[in-house]
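# Structural characterization, general
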Amino acid sequence: MFCNQARITGQKRERQLTEEDVRQSIETQLATIRSDQTVEIAFFGGSFTGLPRGYQTMLLSIAHEFVAAGKVSGIRLSTRPDYIAPHIMDFLLSYGVTSIELGCQSLDDEVLARAKRGHTAAHVERAVAIIRQYPTVQLGLQLLPGLPGDTRAISVRTAQAAAMLRPDFMRIYPALVIAGTELEGMYRSGEYVPLTVDEAVQWTAEVWLPLLKAGIPVIRMGLHSSDDLRQAGTVLAGPLHPSFRQLVETELFSRLLKRMMEAIVPDTQACLNVRIHPADETAVRGPKGMVWRTFAQQMRDESKLVLDRDHPRYTVSWESSSTVGTLSFTDL
């Protein structure tokens, strides 16, 4: 209902890749990558285990050759939760698959039904249990907040349920309206209203927090703003933003700075040093530096941002002649 892979990938008509296509694509990409980097071959853009078995075999055979030659470290693929079974896992592992991502989208059965996913939350739980019987395979889950019938509260409950499944990593992709999908018709008729960027940032921040507290890495927030997605007429509406993750990080740092101000007694504000990891500086400062500037003005002092590579990510520590403290995202 919400996906049009031909539009997203820039393929005007769907066709099966040939062996030559696959080899050429892998070789072309490998030529751009340093030898000291960790590299995987990934099959995304659909439900891999739903493809004809002969086609899967051709794709995996070529990928496995590169693994066996030491040119790549593993093979990653995405698929549906209801397209996983023990015999499927045995087949995948025979070709050296090392990572499987399940497009579960939500763990609320009503949202899944309205999105016409064709599976329930129980299918996700079952697939996770099967994959966990193969300890050499990393497990990822993909969530799409903002589908029809979804709410912020439902999305948070989905994240909490996902955290209990203990995946190795997750991705969060707020729903977009892609041309050529059923969701486009619902959007044009007014039946579906996509999230704004601001709403998606707020929702994603709330979804991320239980995953952070559970120690589950979120390796992607928001669809990659590729040339294909930016083509006119591909994304019709929804929270597509080239720096979506940074917006989410800024939102949570804004909350941390507010919490910090509440923790500091007014007469002890002089010469306040705020310590962060350098990788967090852009998010702490916010768009055009407004978040940090507003904080400094409200503190009415000469607050200084100190960059420390030994400082933990997503954490702020403060110190002055009379006050010290530390807060992190997991405290929110």
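Overview of the structure. (Residues numbered from 1 in each chain as written. Predicted model: local features only at pLDDT ≥ 70, side-chain atom pairs only at ≥ 80, totals over all residues. Heavy atoms only, no water.)

## Considerations on the nonpolar core
Ranked by size, the top nonpolar core spans 83 residues in total, and within it Leu-92, Ile-100 and Trp-208 carry the most contacts. The dominant element in this core, judged by the number of residues it contributes, is helix α9 (residues 197-213), at 9 residues. Look past the residues within four positions of Leu-92 in its chain and what remains in contact with it is Phe-48, Thr-49, Gln-56, Leu-60, Leu-77, Val-97 and Ile-100. Residues Met-1, Tyr-173, Val-177 and Met-186 belong to the second largest nonpolar core, which totals 14 residues. (Core = buried A, V, L, I, M, F, W, Y, C linked by side-chain atoms within 4.5 Å. Buried < 20%, exposed > 50% of the residue type's maximum accessible area, 1.4 Å probe, protein only. Helix = DSSP H or I, 4+ residues; strand = E, 2+ residues; numbered from the N terminus. Contact = heavy atoms within 4.5 Å.)

## Observations concerning helix α2 (residues 19-30)
Between the first and last C-alpha of α2 there are 17 Å, a value that for 12 residues agrees with the 16 Å anticipated at 1.5 Å per step. For α2, the set of buried residues is Val-22, Ile-26 and Leu-30. Down the axis of α2, the buried side of the element spans an arc of 55°, and every buried residue falls inside it. Packing partners of the buried residues in α2 comprise β1 (40-43) and α3 (53-68). (Expected span 1.5 Å × (residues − 1). Arc of directions from axis to C-beta.)

## Re the sheet that holds strand β7 (residues 218-221)
Spatial ordering of the open sheet is given by β1-β2-β3-β4-β5-β7, a layout of 6 strands whose pairing is parallel. Where the open sheet ends on each side, the last strands, each with one partner, are β1 and β7. Geometrically, the sheet is characterised by an average inter-axis angle of 20° between neighbouring strands, direction not taken into account. With 4 bridges joining them, β1 and strand β2 (residues 74-79) adopt parallel strand pairing. What sits directly across from Phe-43, in β2, is Leu-77. (Pairing = 2+ DSSP bridges. Axes fitted to C-alpha atoms, helices over the stretch in contact; angles between N-to-C directions.)

## Let's talk about the pattern of salt bridges
The final tally for this structure, using the stated rule, is 16 salt bridges. Among the ionic pairs, Arg-255 bridges to Glu-206, the shortest N-O distance being 2.7 Å. Separated by 49 residues along the polypeptide, Arg-255 in helix α11 (residues 244-263) and Glu-206 in helix α9 bring together distant segments of the chain. Owing to a relative accessible area of 22%, Arg-255 belongs among the partly exposed residues under this scheme. Between Arg-255 and Glu-251 there is a salt bridge whose closest N-O contact spans 2.8 Å. Of this pair, Arg-255 and Glu-251 both sit in helix α11, 4 residues apart, which is roughly one turn of that helix. Judged by relative accessible area, which is 17%, Glu-251 ranks as buried. Residues participating in the shared-partner salt-bridge network are Glu-40, Arg-76, Glu-101 and Arg-171. (Salt bridge = Lys/Arg side-chain N within 4 Å of Asp/Glu carboxyl O.)

Purely spatial values, then, with no claim about function.
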